[in-house]
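# Architecture and fold: a report
Residue strings, one per chain:
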Amino acid sequence: MKKWIVLILFLLTLLSLYAELSFSVDAGHGHWWNKIPGFFIFFGLLGCILLILFAKALGKYWLIRDENYYDDK
Amino acid sequence: MINDLVIPPSLVMLLGAFLIPFLPKKMRSAAFMFFSFASLLYIWTIPVGKILAVQVMNYELILCRVDALSRIFGIIFAFIAFAGSLYSFHIKETSQQCAALIYAGSAIGVTFAGDFFTLFIYWELMAVASTVLIWARRNKDAKKAGFRYLLYHVFGGGILFMGILMHLSESGSLSVIPLTQGGPLSSWLILLGVIINAAVPPFHTWLSDAYPKATITGAVFLSAFTTKTAVYVLVRIFPGWEILLVLGTVMTLYGVIFAVLSNDIRGVLAYHIISQVGYMVAGVGLGTEMALNGSTAHAFSHILYKALLFMGAGAVLYATGESKLTKLGGLHKSMRPVLILYMIAAFSISGFPLFNGFISKSMVISAAGESHQELAMLLMLLASVGTFLSVGLKLPYFTWMTEHKGLKSKKIPHNMILAMGLVAFFCCLHGVMPSLLYKLLPYPLHFEPYSIPHLVETGQILIFTFIGFWLLRKKLRPHATITLDLDWFYRRPAGVFRKIFVDGVDSIFKWTTDRMMTLVGRVTRLANNPVALFSRDQTDSSYSPDTSRPRMQSILIFVLLTFIVLVLIGLLAA
């Protein structure tokens, strides 16, 4: 990844954390995750990784077939 | 009985479909655009509250009923038909033009139908017209997928009609009004008929199977109408049915997971229709005014960015002849305008601030939060991670970036780029000025999408989804494979069923026909020469007194035998 992209992402993350902490982020509905600063950082990263790994495992062990699978039968 | 002189908006496009074949060939593309635009103009100006009701036998059919909900769906259907007609301006196939107009007109017909019977007629018309847009691809895969698509919709339509008839016999009314949750069997049958068209798993395979095989321009229309008319009917009839919250939330993730595995760019987009419609279905399940507004707004936004995504993918297919990620790559230099316009749609569907997905998807998620449905809210947010991952990152990365596979790309017609630009403009416009969309919504709305919590939440999710993708991008490298889905249950046994019910029956008919023909042949030959039956000479020749006359001794033996029999009878009788 290019350095300027990394820098922009880093700055945006800092900005989001600053906004979260400064403006006492609360959607007004008292969700438990609002008490964890940077919750959506972990949510985004882990969610993305888990989705990829889960989908790939599902494909590898169960659902992936050759392109001609239906044509052959 | 006519209550009010209002022409049903669906008739504008249906009239166009009727007239276009009679126009000179050169004028047909322009006429296609004209009737789409005229329909948009008419729906935009038609006042809320208008009703056209007619008495047919003992039933009152409400051919047209205009309210805020039907109007907003009508506007977006007509607009996307217009954008689609511009995108397909270079297509000179009258069948596709007429099918698209009938399809769009029927979707508008469903939207403004005030009674179940009218709704059902348009519902079925949509199924037939949309099938033509799949078959028009004119290859083996499209032909087969089109048949499966049509059969699925005939099945769904049958269930819907059964529900309507039962509802009529129970209530005596055909009016399209909200049905009570957990009501009689008729309500469940109507719900089942509708969720089949909404592509709610496990009834979604008609979509993921057929849409990637449709024509380039046909897929744009397909992406807009069938599932969204179903969403409209759900908002209209089933608000607050809790099962829809569960089904919708599952949908959002189901489509996302399968999109990760898809190798076909239009396959990825098709699965993301299922995922996005999930938000709308979940919103209906929540049933609050905010949630129903959210479902409606998201349907509106979705039609725009999804059509733009299919336009972008279609442009790639048009230029290269390929739609498989394994064969694409490195097209950013030769297809830069398409990439830019595609990315506007990708940012929209991913819910980037300043794009229309941001201002509509957040309404449904916020409505889930307001209703204290925290699990549904988190799962929908997780699905939005998957949306950005597949549509915003994986698809463009492996199509336009990565190494060039040596594909040559031909020039894309200007009208295609122009249509993409038009739709992209509205994706951005509503993202920047959400009130333009919000004021069309059916219920009063107090929602501020650009709040700091919402921006923080979205920003963090998007940034770290991108980082997650970058870390695992090699794992997402496409492979030349297909992914089994629930259509396996009818596609895999198809060969066996064909052998039993087609080939088996066919061979029985063939055997019977052969036997009958042999028998008829023999009887015919015998009729030509019955004497041959008694002759050792079994020739096929016709009777001739010279050659076929029985020998003298045969006649004498016959006469003698007859005489003996008569004598014996006489003796016994005496």
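Definitions and limits used
Residues numbered from 1 in each chain as written. Chains lettered and ligands numbered in written order. Predicted model: local features only at pLDDT ≥ 70, side-chain atom pairs only at ≥ 80, totals over all residues. Helix = DSSP H or I, 4+ residues; strand = E, 2+ residues; numbered from the N terminus. Rg over C-alpha atoms; globule rule 2.2 N^0.38 Å. Contact = placed C-beta atoms within 7 Å. Buried ≥ 20, exposed ≤ 12 C-beta atoms within 10 Å, placed from the backbone. Domains from an automatic or database assignment. Nonpolar A, V, L, I, M, F, W, Y, C, P; charged D, E, K, R; others polar. Pairing = 2+ DSSP bridges. Expected span 1.5 Å × (residues − 1). pLDDT = per-residue confidence, 0-100. Axes fitted to C-alpha atoms, helices over the stretch in contact; angles between N-to-C directions. Parallel < 35°, antiparallel > 145°, perpendicular 65-115°, else oblique. Left-handed = near helix turned anticlockwise from the far one by under 90°.

Another point: the overall build of chain B. Check the secondary structure of chain B and you find 22 helices and 3 strands. Its C-alpha radius of gyration of 32 Å places chain B more than 25% over the 25 Å reference for a compact globule of 574 residues. The C-alpha extent of chain B, read off along each of the three principal axes, is 125 × 65 × 55 Å. Excluding contacts between residues fewer than 6 apart, the proportion of contacts in chain B whose partners are at least 24 apart in sequence is 80%.

A few words on the overall build of chain A. When its secondary structure is counted, chain A shows 3 helices and 1 strand. Across chain A, helices and strands are ordered from the amino to the carboxyl terminus as α-α-β-α. Residues classed as buried in chain A amount to 19% of the 73 residues present.

Moving on to the domain arrangement of chain B. All names here are of chain B. Structurally, chain B comprises domain 1 (1-238) and domain 2 (241-478). For domain 1 versus domain 2, the separation of C-alpha centres amounts to 24 Å. Contacts between the two partners involve 35 residues from domain 1, matched on the other side by 40 residues from domain 2. Contributions of two or more residues to the side of domain 1 that touches domain 2 are made by helix H3 (68-87), helix H8 (205-210) and helix H9 (216-237). At 11 residues, the largest contribution of residues to the side of domain 1 that touches domain 2 is made by H9. For the side of domain 1 that touches domain 2, a count of residues per class yields 26 nonpolar, 8 polar and 1 charged.

Let us look at the pairing of strand S1 (residues 51-56) of chain B. All names here are of chain B. Direction of pairing for S1 relative to strand S2 (residues 59-65): antiparallel, over a ladder of 6 bridges. The residue bridging Gln-55 from the neighbouring strand is Glu-60, located in S2. Between S1 and S2, which pair antiparallel one after the other, the connecting turn spans 2 residues, and Met-57 there sits at a positive phi close to 55°.

Every α-helical turn comprises 3.6 residues, leaving residues that sit three or four positions apart pointing alike. Spanning 20 residues, helix H10 (residues 242-261) of chain B covers 30 Å between terminal C-alpha atoms, matching the ideal 28 Å at 1.5 Å per step. Buried residues dominate H10(B), accounting for 16 of its 20 residues.

For the rest of this paragraph, the subject is the confidence of the model for chain B. For chain B, per-residue confidence averages 93 on the pLDDT scale, and residues scoring 70 or more make up 97% of the total. Here the predicted complex scores 0.89 on pTM and 0.94 on ipTM.

Turning our attention to the environment of B:Ile159. Residues and elements named next belong to chain B. Mapped onto the secondary structure, Ile-159 falls in helix H6 (residues 140-171). Through-space distance from the C-alpha of Ile-159 to that of Ile-196 is 9.6 Å; in sequence the pair is 37 residues apart. Each residue touching Ile-159, except ones within four places of it in the same chain, is listed here: Leu-189, Leu-192 and Gly-193.

Interfaces are often sized by the accessible area lost when the parts come together. Facing the 38 residues of chain B at the interface are 37 residues of chain A. Among the secondary structure elements, those contributing two or more residues to the side of chain B that touches chain A are H10, helix H14 (356-370), helix H15 (374-400), helix H18 (452-471) and strand S3 (481-483) of chain B. Across the side of chain B that touches chain A, the residue classes tally to 23 nonpolar, 9 polar and 6 charged. Sheet topology note: the strand S1 (residues 64-66) of chain A/S3(B) ladder contains 3 bridges and is antiparallel. Counted as the bridge partner of A:Ile64 is B:Thr483 from S3(B).

So, about unusual backbone geometry. Outside of glycine, negative phi angles account for most residues, and trans bonds account for most peptide bonds. All names here are of chain B. The omega angle of the peptide bond from Pro-201 to Pro-202 is 10°, so this bond is cis rather than trans. Note on placement: Pro-202 falls in the loop between helix H7 (185-197) and H8. With a phi angle near 60°, Ala-199 is a residue other than glycine that sits in the positive phi range. Position of Ala-199 relative to the elements: it lies in the loop between H7 and H8. Although it is not a glycine, His-372 adopts a positive phi angle of roughly 60°. Following the sequence through the fold, His-372 ends up in the loop between H14 and H15.

A word on the packing of H3(B) against H9(B). Residues and elements named next belong to chain B. Orientation of H3 relative to H9, taken along the N-to-C sense of each, is 175°, at an axis distance of 10 Å. Between H3 and H9, the angle falls in the class roughly antiparallel. Counted together, Leu-69, Phe-73, Phe-77, Ile-80, Gly-84 and Tyr-87 of H3 and Thr-217, Val-220, Phe-221, Ala-224, Phe-225, Tyr-232, Val-235 and Arg-236 of H9 form the full contact between these two elements. Tallied by class, the residues present in the contact of H3 with H9 amount to 11 nonpolar, 2 polar and 1 charged.

Okay, the confidence of the model for chain A next. For chain A, mean pLDDT is 88; residues scoring 70 or higher make up 89% of the total. Between the elements of chain A, mean pLDDT differs from a low of 82, seen in helix H3 (residues 69-72) of chain A, to a high of 96, seen in helix H2 (residues 39-63) of chain A.

Glancing now at helix H13 (residues 336-349) of chain B. All names here are of chain B. With 14 residues, H13 should reach 20 Å at 1.5 Å per residue; the first-to-last C-alpha distance of 20 Å fits that figure. Across the 14 residues that make up H13, a large majority, 10, are buried. Three or more residues of H13 are buried, namely Val-338, Leu-339, Leu-341, Tyr-342, Ile-344, Ala-345, Ala-346, Phe-347, Ser-348 and Ile-349.

Let us look at the packing of H15(B) against H18(B). Packed helices, taken two at a time, are described by their axes: the angle between them and the distance between them. Residue and element names in this part refer to chain B. The N-to-C vectors of H15 and H18 enclose an angle of 55°; their axes lie 10 Å apart at closest approach. When the interaxial angle is binned, H15 and H18 end up oblique. With respect to the hand of their crossing, H15 and H18 are arranged in right-handed fashion. Contacts from Leu-381, Ser-384, Val-385, Phe-388, Leu-389 and Leu-393 in H15 reach Ile-461, Leu-462, Thr-465, Phe-466 and Phe-469 in H18. A breakdown of the residues in the contact of H15 with H18 according to their chemical character gives 9 nonpolar, 2 polar and no charged.

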